[in-house]
Amino acid sequence: MRADFLPFSPPSIGEEEIEEVIDTLRSDWITTGPKVKRFEQEFANFLGAPTALAVNSATSAMRVGLATLGVGAGDEVITTPMTFCSTAHVIEHAGARPVLVDVRPDTLTIDPALVERAVTARTKALLPVHLYGHPCDMAALLDIARRHNLHILEDAAHALPARYGGRLIGSPVVTDHQLPVKTLTAFSFYATKNMTTAEGGMLTGDPDLIEQARLWALHGMSHDAYKRYSAEGSWCYEVVLPGYKCNMADIEASLGLQQLKKLPGFQTRRREIVARYHAAFGALPEVETPTEHAEVESAWQLYSLRLNLNRLTIHRAQFIEELKALNIGASVHFIPIHLHPYYANKYGYQPDDFPVAYREYMRLVSLPLHPRLSDQDVTDVIEAVTGLVEKYRKG
Ligand SMILES: *Cc1c(COP(=O)(O)O)cnc(C)c1O
């Protein structure tokens, strides 16, 4: 057993990030200004996105995204129970109704066949989640969106960088501009994500949509502070809508500029670790390894193993406790939305209403997966998991 605790997902911050933040702190501009602008441009270039808007979280990116798509009271937005709570919260914040549909058993991403059945006259948008970094079945979702005149807001908090049919998530979904389908994509730079700004997020999409989103993200003001207070600026501005306050600061963008440069290297390391986990756990009938479809490239935000509980004498919670006792940090992604009291009470959900999400949730264990894991750390995780499986396998 390893001597020290292996944290589940610490950030990978180096001297470059520290220097860049200090440079910002020594400058005369610390909030939204030149570094945010550069970060937005470099991020859009990296993905091949038309435009990008930096905000203070993916939650804000989605909130602003829904406002931009005109989602409001009386509307329905179809999403998945297998996600972080804020995916559903932003729909509530908009005054709309989150309509949950169950997930596919293989990838745990939203099941397009069930989406089709959940569409009503009130449905305004789809909010698919690229869970663990594995893109959803976007061709099927886009087909549904076109036939029913729906918009698409992608929760890509895990999907940086991920590819669907060769295209990077965040680059244009609709290339022939078949109106009225509008698409926006939200990314997260939370501390545990594939790259971080401590807190932060990005919304990508067509320039006209991002221009509108920019208003929603900063008080609905026609000029941001940099345009007002810098030498080339003017004191005059107009408020054109009751916007939120969720802009990114240059201090955060400083982290982002350096993290973005390192992202390809981070991904190479993530894939090496995934390959070792696959090789080690693929041979154990007591567990199931996560899949990656041929037409996609996962961002591998998380490595979520599934326990075959009928072959083990131990439950998931105990499994995680035992891993912890062996100094390995593990977690569960996610407790499905419909099991949380707020949603269960408001909409009267029962656990079995989304049987795939519920059944799979009961056997999920996320293992450490981040670029700072050494080869020895990976060996320690493999030995701990394998050891537990051997100890608790059924006769
Ligand atoms: C992390 C996460 C979010 C929220 O991201 P923030 O940047 O913390 O707001 C949303 N959806 C999913 C699937 C996430 O994992």
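Residues numbered from 1 in each chain as written. Predicted model: local features only at pLDDT ≥ 70, side-chain atom pairs only at ≥ 80, totals over all residues. Heavy atoms only, no water.

Sorry, what's going on with the packing of aromatic side chains here?
When we look at a pair of aromatic rings, we describe it by the centre distance and by the angle of the planes. Per the counting criterion, the structure on display carries 14 aromatic pairs. Relative to phenylalanine 189, the ring of phenylalanine 39 lies with its centre 5.4 Å away and its plane at 50°, an arrangement referred to as tilted. Here phenylalanine 189 lies in the loop between strand E8 (183–188) and strand E9 (201–205) and phenylalanine 39 lies in helix H2 (residues 34–47), a separation of 150 residues in the sequence. Assessed through its relative accessible area of 0%, phenylalanine 39 is described here as buried. We classify phenylalanine 189 as buried; its relative accessible area is 0%. In this structure an aromatic cluster arises from ring pairing among Tyr342, Tyr343, Tyr347, Tyr349 and Phe354. Over the aromatic face of tyrosine 361 sits the side chain of arginine 316, whose NZ or CZ is 4.6 Å from the ring centroid. (Phe/Tyr/Trp six-rings, centres within 6.5 Å; stacked < 30°, edge-to-face > 60°. Helix = DSSP H or I, 4+ residues; strand = E, 2+ residues; numbered from the N terminus. Buried < 20%, exposed > 50% of the residue type's maximum accessible area, 1.4 Å probe, protein only. Lys NZ or Arg CZ within 6 Å of the ring centre and 35° of its normal.)

Hey, could you run me through helix H6 (residues 138–148) in this one?
Each turn of an α-helix holds 3.6 residues, which means side chains three or four residues apart point in the same direction. Restricting attention to buried positions, one finds in H6 the residues Met138, Leu141, Leu142, Ile144 and Ala145. One face of H6 carries all of its buried residues, which in axial projection span an arc of 160°. Its buried side turned inward, H6 meets helix H5 (112–118), strand E4 (123–127), strand E5 (151–155), strand E6 (163–164) and strand E7 (167–168). A positive phi of about 55° marks asparagine 149, the residue just after H6. (Arc of directions from axis to C-beta. Contact = heavy atoms within 4.5 Å.)

Nothing here speaks to function; it is geometry throughout.
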